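Residue-level structural notes
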Amino acid sequence: MWKFCSRTAGGMAKTCGLVRPCHLVKPVSATRVAGRYLSHQRGLPCLPLPPLQQTCERYITALEPIVEADELMHTKELLEDFTKTGGLGERLQEGLEKRAQRTENWLSEWWVRVAYLEYRMPVVVHSSPGLVLPRMDFRDKQGQISFAAKLIAGVLDFKTMIDNETLPVEFLGGKPLCMNQYYEVLSSCRIPGVKKDSVVNHAKSSSPPKHISVVHNFQFFQLDVYHHDGTPLTADQLCVQLEKICSASSESDAEPVGILTTQHRDRWGKAYLRLISDKTNRESVVAVQRSIFTLCLDGATSQCSDDVYRSSAAVQMLHGGGSGGNSGNRWFDKTLQFIVGEDGTCGANYEHAPAEGPPIVALIDHVVEYTRKSEAIQAVVVPLPEPQKLQFNITAEMKEDIEEAKVSMNMLAQDLDMKVMMFGHFGKNVPKAHRMSPDAFIQMALQLAYYRMYRRCCATYESASLRMYRLGRTDTIRSASTASTSFVKAFDDPSKQNPEKMDLLEKAVKAHRSYTNMAISGQAIDRHLLGLKMQALEEKLSVPAIFTDAAYAKALHYQLSTSQVPSKTDCVMCFGPVVSNGYGVCYNPMNDHINFAVSSFNACTETDAGRLAQAVEDALLDMRTLLDQTPRAKL
Ligand code: COA
Ligand code: HC5
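Here's what I pulled together on the structure shown here. (Residues numbered from 1 in each chain as written. Chains lettered and ligands numbered in written order. Predicted model: local features only at pLDDT ≥ 70, side-chain atom pairs only at ≥ 80, totals over all residues. Heavy atoms only, no water.)

Looking now at the overall build of the protein chain. Across its full length, the protein chain holds 22 helices and 18 strands. Its C-alpha radius of gyration of 25 Å places the protein chain within 12% of the 26 Å reference for a compact globule of 635 residues. Counting only C-alpha atoms and orienting by the principal axes, one finds that the protein chain spans roughly 75 × 55 × 50 Å. Out of the 635 residues in the protein chain, the part that is buried amounts to 58%. (Helix = DSSP H or I, 4+ residues; strand = E, 2+ residues; numbered from the N terminus. Rg over C-alpha atoms; globule rule 2.2 N^0.38 Å. Buried < 20%, exposed > 50% of the residue type's maximum accessible area, 1.4 Å probe, protein only.)

And the structure:
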């Protein structure tokens, strides 16, 4: 149930500096205006704006392990000029302060624009994460359909909590979190534009959608999932409906119109205008966009060993395996797509603009628990309306767009290297027993693994949640620090003894945990720097020199892009690298094991997902050996 935040509007005045009128909170249904959701949201503090000097000092510290001495000198000079009294920095900071006064969150709108809506690479691999559930025990079409039916029922069960505002408030470090993202993931969709995309959320419309979209053999259907009296269809009623969909789409020669959503965003933006210029197509597209979520019933994939299975399941969730596989059996703009294969493969792909991973994972954890406990309830036999097939008229030009999308999707699929590693030797238990933050311990293992492979440190990104603040999204934890560098350099140095290595590990872990605390309390540097840059653009000023500096480009070239996403269910979460010569590393630390998904691009000869995964395993094991062999320092 909702745990009310004790802060009142008066308390909020203290935390935000002003009392915000209700209309600044996103448009909501009548019930929600009066509801618990809003009172919870109103009690949350606003994202703070860090002091200018603090950010500049911390920026220099963060650059130390990743840039050359002369580059650092140069940046210091630029920063001195930027922060001088009456200088550009002060002016921009004042602009940001004003923005913070008049908005609910000075950052979030800019962040969504820059990180997602104006980011033009395909959402597939480059932006949308995948999520793999433990393999289910069905192996045929019937099993696939009846599991998918339970899954739909599970999502609708979760949706009831969203609609009734009975979702439990989440906490981080004892502080309540912003719950807004939960209201953004269902009934919403990204819409391509030629230069910039947008997101529509139909949950907030006066007549919210009552259907989901289902895609099977590249053919889309609208499936109503509520009866006229507002009660949801039961799992066995849904099963009957899914059977109808599968028999109505048993041929697999349909044009894979969904593959268009895998394209570069500008190209898709143009193709989209062509596609929806036809009324039938427009109606079909709108039906998918409005739907509560999309269910992808996938065709069979090739058999493989258990070890390879997890990596290929991750690929199915991330991009679908190319046009000859299931990439056309998707609508990648849809915020939430559940994917169910015939061989027990099950998971999801989500479009990142509206929400971070944790709310999606909470929804999925709920769905999995629901499918496990749900028993077949014999529903009253009632005639159900036929699911509606969504028609598309494909012109020669649109066919060309589809062919072009197939080619680029196949190149991307060929290029992505994905290695899922279930690290089974230990989990959070070991670092906890040594009084260390498990997340920091894992991050240090990543640093050590990378250093062992490349003999250098790289700019490293870890997601930190800003959801302690209203409408908060993320900031960056820069895991490569001076302390981490000293630790990784010493680790394999034969002249160093264990007590010294242990001391360096402890210091590195502490430094990481302290950066994490700084980031989740809105005092990290990256989003503030972005804000200063955006403010300059907003004021039509030229981009300050600190942002055209070589060190800034290096700082943003994240060869390790990482994220911890925990789940109750034993899931594997995955995403692609963010630079051509980098790695994407998503991990889910459980109590006694850790699931990793490591990605890289095959086109880059320097990177190898399998090798990094192996190096991470070795690093974790070697770090445990160090813990075991070194007597704990006296407290
Ligand atoms: N000794 C013993 N135990 C410790 C410890 C120590 N020194 N430090 C931490 N722990 C415990 C914690 O109490 C916690 O216990 P729990 O398992 O009972 O909850 C556990 O170890 C994990 O803590 P830690 O490993 O330090 O990490 P965290 O859970 O605080 O997570 C972040 C760190 C950065 C991942 C988190 O703050 C965050 O921001 N998460 C969101 C990331 C995100 O949004 N990712 C997706 C982006 S789309
Ligand atoms: C289902 C797991 C999703 C994890 C996605 C994630 O961590 O996205 C990051 C979002 C952010 O703002 O930090 C981005 N990243 C994938 C590039 C780390």
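All told, the structure shown has 36 salt bridges when counted by the stated rule. Residue Glu500 pairs with Lys496 through a salt bridge whose shortest N-O separation is 3.6 Å. We classify Lys496 as partly exposed; its relative accessible area is 26%. Look at the salt bridges and you will find they share partners, linking Arg120, Arg190, Asp197, Arg265, Asp266, Asp333 and Glu351 into a network. (Salt bridge = Lys/Arg side-chain N within 4 Å of Asp/Glu carboxyl O.)

A few words on helix H12 (residues 279–290). With 12 residues, H12 should reach 16 Å at 1.5 Å per residue; the first-to-last C-alpha distance of 16 Å fits that figure. Of all the positions in H12, only Asn281, Ser284, Val285, Ala287, Val288 and Gln289 are classed as buried. Packed against the buried residues of H12 are strand E4 (188–191), strand E6 (211–216), strand E7 (219–224), helix H11 (265–276), strand E8 (294–297) and helix H15 (396–415). Backbone nitrogen of Thr280 and a side-chain oxygen of the N-cap are separated by 2.9 Å at the start of H12; the cap is Asp278. (Expected span 1.5 Å × (residues − 1). Contact = heavy atoms within 4.5 Å. Polar contact = N/O pair within 3.5 Å; in protein donor to acceptor, adjacent residues only side chain to side chain.)

Here we come to the packing of helix H17 (residues 438–454) against helix H19 (residues 498–520). Two elements in contact, H17 and H19, have axes whose closest approach is 9 Å; the angle formed by their N-to-C orientations is 115 degrees. The hand of the H17/H19 crossing is right-handed. Along its contact with H17, which presents Asp439, Ala440, Phe441, Gln443 and Met444, the element H19 presents Leu505, Ala508, Val509, His512 and Arg513. (Axes fitted to C-alpha atoms, helices over the stretch in contact; angles between N-to-C directions. Left-handed = near helix turned anticlockwise from the far one by under 90°.)

This paragraph deals with the packing of aromatic side chains. This model, assessed by the stated rule, comprises 18 aromatic pairs. Centroid distance Tyr450 to Tyr454: 4.5 Å. Interplanar angle 35 degrees. Geometry classified as tilted. Highlighted residues: Tyr450 and Tyr454, both in helix H17, separated by four residues, approximately one helical turn. Assessed through its relative accessible area of 2%, Tyr450 is described here as buried. For the ring pair Tyr461 and Tyr558, a centre distance of 5.2 Å and an interplane angle of 80 degrees mean the geometry is edge-to-face. (Phe/Tyr/Trp six-rings, centres within 6.5 Å; stacked < 30°, edge-to-face > 60°.)

For the rest of this paragraph, the subject is the site of ligand 2. Around ligand 2, the surrounding shell holds 16 residues, and the nearest of these are His352, Tyr461, Ser463, Thr474 and Ser563. Between ligand 2 and the protein, one listed contact pairs an oxygen atom with a side-chain N or O atom of His352 at 2.9 Å. One nitrogen or oxygen atom from the side chain of Thr474 is found 2.6 Å from an oxygen atom belonging to ligand 2. Summarising the interface, the protein chains cover 92% of the accessible area of ligand 2, which totals 480 Å² for the free molecule. (Near = heavy atom within 4 Å. Areas by Shrake-Rupley, 256 points an atom, 1.4 Å probe, with all protein chains shown as cover.)

This part covers the packing of helix H6 (residues 88–102) against helix H20 (residues 526–538). Put simply, H6 and H20 touch, their axes get as near as 9 Å, and they point 95 degrees apart. Here H6 is positioned roughly perpendicular relative to H20, judged by the angle of their axes. Judged by residue contacts, Gly89, Leu92, Gln93, Gly95, Leu96 and Arg99 of H6 engage His528, Gly531, Leu532, Gln535, Ala536 and Glu538 from H20. In terms of residue class, the contact of H6 with H20 is built from four nonpolar, six polar and two charged. (Parallel < 35°, antiparallel > 145°, perpendicular 65-115°, else oblique. Nonpolar A, V, L, I, M, F, W, Y, C, P; charged D, E, K, R; others polar.)

Looking now at the site of ligand 1. Taken together, 23 residues sit near ligand 1, with Lys432, Ser437, Asp439, Ser465 and Arg513 positioned nearest. Note that a nitrogen atom of ligand 1 is positioned 3.0 Å from one of the backbone N or O atoms of Arg435. Backbone polar atom of Ser465 to an oxygen atom of ligand 1: 2.8 Å apart, as the coordinates give it. Counting only elements with at least two residues in the shell around ligand 1, the list comes to helix H14 (357–373), H17, strand E13 (460–465), H19 and strand E15 (560–564). Counting residues per element, the shell around ligand 1 draws most heavily on E13, at four residues.

The next thing to look at is the environment of Met623. Structurally, Met623 can be placed in helix H22 (residues 609–629). A sequence separation of 179 residues divides Met623 from Met444, and the C-alpha atoms of the two residues are 9.2 Å apart.

So, about the sheet that holds strand E18 (residues 594–601). Pairing within the open sheet is mixed, and its six strands lie in the order E12-E18-E17-E15-E13-E14. Every other strand in the sheet has two partners, leaving strand E12 (416–423) and strand E14 (474–478) as the edge strands with one partner each. Strand-to-strand twist in this sheet, taken as the mean axis angle between neighbours without regard to direction, amounts to 20 degrees. In the sheet, E15 pairs with strand E17 (residues 583–589) via five bridges, with the strands oriented parallel. Among the inter-strand pairings, Ser561 is bridged to a residue of E17, identified as Gly584. (Pairing = 2+ DSSP bridges.)

Turning next to the nonpolar core. Core analysis: the biggest nonpolar cluster contains 60 residues, and Leu242, Leu295, Phe338 and Leu363 have the highest contact counts within it. Take this core: its biggest share by element is 12 residues, from helix H9 (residues 141–164). When residues no more than four places from it in sequence are discounted, the contact partners of Leu295 are Ala148, Ile152, Ile212, Ser213, Val214, Val215, Leu242, Phe338 and Val340. (Core = buried A, V, L, I, M, F, W, Y, C linked by side-chain atoms within 4.5 Å.)

Within the element layout of this structure, Asn595 appears in strand E18. Looking at Asn595, its side chain comes within polar contact range of the side chain of Asp570, at 2.7 Å. Excluding its chain neighbours within four sequence positions, the residues that come into contact with Asn595 are Met421, Met422, Asp570, Cys571, Val572, Cys586, Tyr587 and Asn588.

In this section: the pairing of E4. Of the two faces of E4, both are covered, the one formed by Ser188 and Arg190 as well as the one formed by Cys189 and Ile191. Relative to strand E5 (residues 198–201), E4 runs antiparallel, the two being bridged by four bridges. In the strand pairing of E5, Ser188 is matched with Asn201. The hairpin turn running from E4 into E5, its antiparallel successor, is six residues long.

So far we have only geometry, and geometry alone does not tell us how the molecule works.
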